[in-house]
Amino acid sequence: MDCQTNYTMLCDFYELTMANGYFRTPEIRDRITYFDMFFRNVPDNGGYAIAAGLEQLVDYIQNLRFTEKDIEYLRGRGCFCEEFLDYLRTFRFTGDIWAVPEGTPIFPQEPVVTVRAPAIQAQFIETYLLLVYNHQCLIATKANRVVRAAKGRPVAEFGSRRAHGASAAILGARAAYIGGCSSTACTQADRDYGVPATGTMAHSWVMMFPSEYEAFKRYCELYPDNATLLVDTYNVLKSGVPNAIRAFKEVLLPQGITKCGIRLDSGDLTYLSRKARKMLDDAGLTECKIVASNSLDEYLIQDLLRQGAQLDSFGVGERLITSKSSPVFGGVYKLVAIEDGEGRIIPKIKVSENPEKIINPHFKRVFRLYDNDSGESIADVLTVYNESVKSGEPIRLFDPRATWKRKTVSNFTAKEIMVPIFRNGELVYQLPTLKEIQTYCRQQVDLLWDEVNRFDNPHAYYVDLSDQLWNIKEDLLHLTY
């Protein structure tokens, strides 16, 4: 998306009515508040999710402005006072934001973004923050599952035409790249974000020519360095692969080009790929790659490879760009603390009859513990803002959902995983390149236990609370009930 686009009015209407209410209530208007964005469940019942969307949040904050057209629209609604509308003319975000870097594995109930700002500002950015994070975290997480299923084989994101709108296609391709996809079919994602654009040919190309062979031959002549031929328009084994072999031999090999490929988009991909592989090898085209598409996901890819399919890469569309099997990320944005008139931080808690909806209160820090021997992640620990976890200093971990499950660890290195993004409304974070984010994501996923990486029944990664934070939470709950 154009980083200069102003999405100020992309908000829930109640955020404006609450802002007007805060403005007209002197004791709340300038109150400093703390909000956490976090999520409750990993999509597809997986072991972890992937953080994505920070760059778009930064663009949004930097372009947060009400225009005269916006203010005139709000005046027409008849529920906002003129003093508030005048205030909106100079509205800017002046608070602080901390966030987990994009590409980081994240877990339920821990902050992904923390906002400290006056109540009006902190509340107002809720919708857009959740919009970009819920979408991109969802797609990055799904892409990471698909890429892991491919076991090192490249995965191209092919889903633009099935995405839920233009921005979902473009930012979905961006998120898929963070999750590990090698390329996208979406040209604008390449232009705007540098996600490598790729593509082969359409069935219509083949059908335009008098014969399949002539279609393949012409394509090889036009694109000799990127000739991947779609071989299932008519009959894969009787005409598609033989005609591809003929075109490769007549057009590419005389030029010394041995890099080429075929794509299978229908049928029994295991059977067809094995037969096609033998035909290509027998023809001396051992470097020819076989690409598969056709409504794939992580489970189908996993099964194809288990069955011995001879596939070198995958194009994955609708089931990735919509996260079809688990299409809602479920991130939420909750008030966790306020400051009183003396600047003291007062924890706040939202309770519920549903235990998973009870939030972790207070302004917090998030530490990730890495085992010194294996380098793998042991657990995450949430602490109060004025606490820290020191590397190598023994710490008792317990599962907040089952407090009798406890263990003490000491041979670890602790790293705080949330970093400052904005301070007093000014950007203080150097945004990495998309390639750097993808590399970081791969490195961090590699530090997770294999058991956490399982697609089915993964090991539950522990997100622990420090004793101090646990006691604060318990005290607040006792005061509530």
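Just so you know, these numbers come straight off a predicted model, no measurement behind them.

Caption draft 1: Up close: the overall build of the protein. Counting its secondary structure elements, the protein contains 17 helices and 21 strands. Classification of the 481 residues of the protein by burial places 54% in the buried group. Total accessible area computed for the protein in this model is approximately 21,400 Å², and 49% of it derives from carbon and sulfur atoms. Of the side-chain charges in the protein, 55 are positive and 61 negative, and the distance between the mean point of each set is 4 Å.

Caption draft 2: Expanded view of the environment of Thr94. By secondary structure assignment, the location of Thr94 is in the loop between helix H5 (82-88) and strand S3 (96-99). The class of Thr94 is partly exposed, set by a relative accessible area of 40%. For the pair Thr94 and Arg116, spaced 22 residues apart in sequence, the C-alpha to C-alpha distance is 9.3 Å. If near-sequence neighbours (up to four positions away) are discounted, Thr94 is found in contact with Pro118, Gln121, Asn424 and Gly425.

Caption draft 3: Spotlight on the environment of Leu129. Within the fold, Leu129 resides in helix H7 (residues 126-150). According to the relative accessible area criterion, Leu129 is buried, its value standing at 0%. Along the chain, Leu129 and Leu300 lie 171 residues apart, while their C-alpha atoms are 33 Å from each other. Leaving out residues up to four positions away in the same chain, Leu129 has contacts with Met37, Leu57, Val113, Val115 and Tyr333.

Caption draft 4: Local environment of the environment of Thr258. Note on placement: Thr258 falls in the loop between helix H12 (236-252) and strand S9 (261-264). Look at Thr258 and you get partly exposed, because its relative accessible area is 35%. C-alpha of Thr258 to C-alpha of Thr233: the two residues are 25 residues apart in sequence and 24 Å apart in space. Residues contacting Thr258, with those up to four places away along its chain left out, are Leu253, Glu287 and Cys288. In terms of polar contacts, Thr258 uses its side chain to reach the side chain of Glu287, at 3.1 Å.

Caption draft 5: Summary view of the pairing of strand S11 (residues 313-316). Where burial is concerned, the two faces of S11 agree: the one with Ser313 and Gly315 and the one with Phe314 and Val316 are both buried. Pairing geometry for strand S6 (residues 155-157) and S11, over three bridges, is parallel. Bridge pairing in S11 links Val155 to Phe314. Relative to S11, strand S10 (residues 289-292) runs parallel, the two sharing two bridges. Looking at S11, one finds that Val291 is bridged to Ser313.

Caption draft 6: Structural view of the layout of surface pockets. Taken as a whole, the largest pocket holds about 750 Å³ of empty space. Lining the largest pocket are 26 residues, with Arg40, Pro108, Gln109, Glu356 and Arg401 positioned closest to its centre. Secondary structure elements with two or more residues in the lining of the largest pocket: strand S21 (463-465) and helix H17 (467-480). No other element matches the four residues that H17 contributes to the lining of the largest pocket.

Caption draft 7: Inspection of the pattern of salt bridges at higher detail. Throughout the structure, instances matching the rule amount to 29 salt bridges. Taking the shortest distance from any N to any O, the salt bridge between Arg277 and Asp281 comes out at 3.1 Å. In this pair, Arg277 and Asp281 are both assigned in helix H13 (residues 269-282), four residues apart and thus about one turn of the helix distant. Bridged by salt links that share partners, the residues Asp44, Lys142, Arg145 and Glu298 form one connected network.

Caption draft 8: Spatial organisation of the packing of aromatic side chains. Applying the stated criterion to the full structure yields 23 aromatic pairs. A centroid spacing of 5.7 Å and a plane angle of 70 degrees characterise the contact between Phe13 and Phe80, whose relative ring orientation is edge-to-face. Note that Phe13 is positioned in helix H1 (residues 13-23) and Phe80 in the loop between helix H4 (68-77) and H5, a separation of 67 residues in sequence. For Phe80, a relative accessible area of 9% corresponds to the buried category. One residue, Arg29, lies across the ring of Tyr87, its end atom 5.9 Å from the ring centre. The positively charged end of Arg174 is found above the aromatic ring belonging to Tyr193, 5.8 Å away from the centroid.

What counts, and at which threshold
Residues numbered from 1 in each chain as written. Predicted model: local features only at pLDDT ≥ 70, side-chain atom pairs only at ≥ 80, totals over all residues. Heavy atoms only, no water. Helix = DSSP H or I, 4+ residues; strand = E, 2+ residues; numbered from the N terminus. Buried < 20%, exposed > 50% of the residue type's maximum accessible area, 1.4 Å probe, protein only. Areas by Shrake-Rupley, 256 points an atom, 1.4 Å probe, with all protein chains shown as cover. Lys, Arg positive; Asp, Glu negative; His and termini not counted. Charge placed at Lys NZ, Arg CZ, Asp CG, Glu CD. Contact = heavy atoms within 4.5 Å. Polar contact = N/O pair within 3.5 Å; in protein donor to acceptor, adjacent residues only side chain to side chain. Pairing = 2+ DSSP bridges. 1 Å grid on protein atoms, 1.4 Å probe; cavity = no way out; pocket = protein on both sides within 12 Å on 5 of 7 lines; lining within 4 Å. Points joined across faces, edges and corners; volume = space filled by probe spheres on them. Salt bridge = Lys/Arg side-chain N within 4 Å of Asp/Glu carboxyl O. Phe/Tyr/Trp six-rings, centres within 6.5 Å; stacked < 30°, edge-to-face > 60°. Lys NZ or Arg CZ within 6 Å of the ring centre and 35° of its normal.

Nothing here speaks to function; it is all geometry.
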